Amino acid sequence: MRWVVERSHVPLPFSVGSPAAVDIRAAPGCRPAQFSGQRAREDRGPQGLTGLASWGLATSRTAFSSVQKAEMGWGDLGVYGEPSRETPNLDRMAAEGMLFPNFYTANPLCSPSRAALLTGRLPIRSGFYTTNGHARNAYTPQEIVGGIPDSELLLPELLKEAGYTSKIVGKWHLGHRPQFHPLKHGFDEWFGSPNCHFGPYDNKARPNIPVYRDWEMVGRFYEEFPINLKTGEANLTQIYLQEALDFIKRQQAARRPFFLHWAIDATHAPVYASRPFLGTSQRGRYGDAVREIDDSVGKILHLLRDLSIAENTFVFFTSDNGAALISAPRQGGSNGPFLCGKQTTFEGGMREPAIAWWPGHIPAGQVSHQLGSVMDLFTTSLSLAGLEPPRDRAIDGLDLLPTMLQGRLTDRPVFYYRGNTLMAVTRGQYKAHFWTWTNSWEEFRQGVDFCPGQNVSGVTTHSQEEHSKLPLVFHLGRDPGERFPLSIASTEYLDALRQITPVVRQHQEALVPGQPQLNVCNRAVMNWAPPGCEKLGKCLMPPESVPEKCSWPH
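Per chain, residue numbering runs from 1 following the sequence as it is written. Where totals are concerned, whole chains, interfaces and linings use all residues; where local detail is concerned, this predicted model gives features only for residues with pLDDT of at least 70, and gives and counts side-chain atom pairs only at 80 or more. Excluding hydrogens and water, the side-chain values take into account all heavy atoms of the structure.

- Looking at an unreviewed UniProt entry, one finds the protein named N-acetylgalactosamine-6-sulfatase and attributed to Tursiops truncatus.
- UniProt positions are given in the numbering used here, feature names are shortened, and annotations may be inferred rather than shown by experiment. What UniProt records for the protein under Sequence similarities (unreviewed entry) is the sentence "Belongs to the sulfatase family."
- If you open the UniProt record of the protein and go to Subcellular location (unreviewed entry), you find "Lysosome".

A few points about the UniProt feature "binding site: Ca(2+)" (unreviewed entry) in the protein
At step 1: Listed under "binding site: Ca(2+)" (unreviewed entry) in the UniProt record, and renumbered for this structure, are Cys110, Asp320 and Asn321. Across 212 residues of sequence, these annotated residues stay compact in space, with a maximum C-alpha separation of 6.4 Å.
At step 2: Under the scheme used here, helices are H or I runs from DSSP no shorter than 4 residues and strands are E runs no shorter than 2 residues, and both carry numbers assigned from the N terminus. Mapped onto the elements, Cys110 comes out in helix α2 (residues 110–119).
At step 3: Discounting residues that sit within four places of it in the chain, Cys110 has contacts with Tyr139, Lys171, His173, Asp320 and Asn321.
At step 4: Along the polypeptide, Asn321 turns up in the loop between β12 (313–319) and α7 (347–350). In what follows, residue pairs with any heavy atoms lying within 4.5 Å of each other are defined as contacts.

Some words on the packing of helix α5 (residues 236–254) against helix α6 (residues 285–306)
At step 1: Axes here refer to lines fitted to C-alpha atoms; in helices the fit is confined to the stretch in contact. Angles between the N-to-C directions go from 0 to 180 degrees. One can describe the packing of α5 onto α6 by two numbers: an axis separation of 10 Å at closest approach and a directional angle of 10°. One finds that α5 runs roughly parallel with respect to α6. Here Thr237, Gln238, Leu241, Ala244, Leu245, Ile248 and Lys249 of α5 come into contact with α6, specifically with Glu292, Ser296, Lys299, Ile300, Leu303 and Leu304.
At step 2: Residues are grouped as follows: Ala, Val, Leu, Ile, Met, Phe, Trp, Tyr, Cys and Pro are nonpolar; Asp, Glu, Lys and Arg are charged; every other residue, Gly included, is polar. Of the residues in the contact of α5 with α6, the class split is seven nonpolar, three polar and three charged. By the definition adopted for this analysis, an angle is roughly parallel if under 35 degrees, roughly antiparallel if over 145, roughly perpendicular if from 65 to 115, and oblique otherwise.

Things to note about the packing of aromatic side chains
At step 1: Aromatic pairs are defined between Phe, Tyr and Trp rings, using the six-membered ring for Trp, whenever the two ring centres lie within 6.5 Å; interplanar angles under 30 degrees are classed as stacked, those over 60 as edge-to-face, and all others as tilted. Under the counting rule described, the total for this entry stands at 16 aromatic pairs.
At step 2: Taken together, a centroid distance of 5.2 Å and an interplanar angle of 40° make the contact between Phe103 and Phe316 tilted. Remark: Phe316 occurs in strand β12 and Phe103 occurs in strand β6 (residues 103–104); sequence separation between them is 213 residues.
At step 3: By relative accessible area, which is 0% here, Phe316 ends up buried.
At step 4: Measuring from ring centre to ring centre gives 5.7 Å for Tyr104 and Tyr416, while their planes differ by 75°; the resulting arrangement is edge-to-face. One end of the pair, Tyr104, is in strand β6; the other, Tyr416, is in strand β17 (residues 413–418), and 312 residues separate them in sequence. The same class applies to Tyr104 as to Tyr416, namely buried.
At step 5: Taken together, the ring pairs connect Phe100, Phe103, Phe314, Phe316 and Trp358 into an aromatic cluster. A 1.4 Å probe rolled over the protein chains alone gives each residue an accessible area, and that area as a share of the maximum for its type sets the label: buried under 20%, exposed over 50%, partly exposed in between.

Describing the packing of helix α1 (residues 88–95) against α6
At step 1: α6 packs onto α1 with a crossing angle of 50° between their chain directions and a minimal axis gap of 7 Å. In terms of orientation, α1 lies oblique with respect to α6. For the pair α1 and α6, the contacting residues are Pro88, Asn89, Leu90 and Met93 in the first and Asp294, Asp295, Val297, Gly298 and Leu301 in the second.
At step 2: Of the residues assigned to the contact of α1 with α6, the class counts are five nonpolar, two polar and two charged.

Here's the deal with the pairing of strand β4 (residues 63–69)
At step 1: Of all seven residues that make up β4, seven are buried, and the element is covered over most of its length.
At step 2: Side chains Ala63, Ser65, Val67 and Lys69 of β4 all project onto a buried face; the interleaved residues Phe64, Ser66 and Gln68 project onto the opposite face, where all are buried too.
At step 3: Pairing geometry for β4 and β12, over five bridges, is parallel. Bridge pairing in β12 links Val67 to Phe317.
At step 4: We call two strands paired when DSSP finds no fewer than two bridges between them. Here β4 runs beside strand β11 (residues 258–263); their pairing, made up of three bridges, is parallel. Following the sheet pairing, Ser65 is matched in β11 by Leu260.

A look at the environment of Gly477
At step 1: Tracing the backbone shows Gly477 in the loop between β22 (472–475) and α11 (491–510).
At step 2: Spatially, the C-alpha atoms of Gly477 and Tyr430 are 8.2 Å apart, while their sequence positions differ by 47 residues.

Here's the deal with the pattern of salt bridges
At step 1: Any Lys or Arg side-chain nitrogen found within 4 Å of a carboxyl oxygen on Asp or Glu counts as a salt bridge. Evaluated as defined, the whole model comprises 26 salt bridges.
At step 2: The closest approach of N and O atoms between Arg213 and Glu243, which form a salt bridge, is 2.4 Å. Taken as a pair, Arg213 in strand β9 (residues 210–213) and Glu243 in helix α5 lie far apart in primary sequence, 30 residues in all.
At step 3: Look at Glu243 and you get buried, because its relative accessible area is 10%.
At step 4: We note a salt bridge from Glu492 to Arg478, for which the minimum N-O separation is 2.9 Å. Residue Glu492 is located in helix α11, and its partner Arg478 is located in the loop between β22 and α11; the two are separated by 14 residues in the primary sequence.

With respect to the state of the cysteines
At step 1: Put simply, a disulfide is two cysteine sulfurs that come within 2.5 Å. Here the structure, examined in full by the defined rule, presents three disulfides.
At step 2: Between the sulfur atoms of Cys340 and its disulfide mate Cys451 the distance is 2.0 Å. Disulfide Cys340-Cys451: the torsion about the S-S bond is 105°, which places it as right-handed. Of this pair, Cys340 sits in the loop between β12 and α7 while Cys451 sits in the loop between α10 (441–445) and β21 (465–466); the two residues are 111 residues apart in sequence, bridging distant segments of the chain. Just as Cys340 is buried, Cys451 falls in that class too.
At step 3: Disulfide partner of Cys533: Cys539, at an S-S distance of 1.9 Å. Around the S-S axis, the bridge from Cys533 to Cys539 shows a dihedral of about 90° and counts as right-handed.
At step 4: By relative accessible area, which is 37% here, Cys539 ends up partly exposed.
At step 5: Along the protein, the cysteines that take part in disulfide bonds pair up as 1-2, 3-6, 4-5, counted in sequence order.
At step 6: No disulfide involves Cys110; its sulfur sits 4.9 Å from the nearest other cysteine sulfur, which is in Cys196.

See the structure below:
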């Protein structure tokens, strides 16, 4: 059956950097939820925490669902101005909840960003960085030796104190070796993969990535879980959707508060979608994947209503980093008006789509210009569950409940790290760059371009340029594309530095970096023989152990 989606014709409800909150309930094509005027009580949060896009949190006490979508750009949703208007369910979610146009990831790459969301801490604090090179992006490919340290406290571990059951569906990406398994870090259930769905491999030089159910693998990508690279067909999003729906039903039947982290990756190259969605988007295969995710979000929200737990479930949708413009337009998305994309600390690599939904509590149709971060989901979720953040460590996330329930704005900086280097800081409307770099001239000449069609002289540099003495400063309200630095001779430039400089000094003086986890690689630790492989006859012989420094080119 061919999938048909209701078109949403929602005009862009705000201008980037506009200070005023905007009500988008009247936007044509969006049906707002009824707002009862209730506020979250201190003694009772949501039953579920569900996150989409892909982070989800759901709690009856409040449930949390976070949806964290891999590599979805700020400009990929209709409510953010995407002209095809092919995301009616997410657009409706925004009309029934709160939109955050100034929401950021903690890193322009997947693994560090995911660590930040689940710990509430900058990746440099948890060790999700490398010292193998200055300002180098690093993540967790299957040859990585490191992963999330035992010393880090993850959100599902803490939610257990309040009786929550937690599940992650999709990509974990915080280490694949046994000690890094998500069920050893607080999750009660897992269906998904430890790494990206790269491949296929020959199972000789490299093994195909395993798919797990809880403690054991149940197959591998391109084998039991096929992905057709030629057509883009794969049924993974449908499988992940069913896992989410089944989990919610089981927790509701048992009357248990729950946390669902729906971390899907269909929009990460190689992009995939199931057969009913292939060829349905005006945007090509990437758009097909977005439409299937949008449809899945709609089904999850519909189930929450059917089970009469929507008012007890807080859902948040966002992305792990900006769209990968190097894969665009066929396998990458849109970062709207912002500069560059994934891998960079320009706005296109760090600013994300973000929607909060909690009917009866969050007033419908609001736009908040609070500077937000994926790390805030950690602190906010604990607050919803009636828990305090850990006091024995620095926590970077804010509690967004005052913003979402009462419209308050909190002054806070946003730190833009690339590897071990603080590249930029935003405070208020001003962003100061202390270092600029896209990627090397060598890579660029080979066709690796993180900013296609967006060269800005002196800004999108192909050598690492330090600006610590005279930072490049932009007013993001007037210039969201970071094309026109303020004149260093202007009073505005000096005033902006007076706001930002003490924040940077205080941050750097107090910072205690974690032990770097992304320095050492070893082919022997790849997914040769994951737990459960013997039952499937899928165990492979690892090569000799040869630890070496990981190479991070950019």
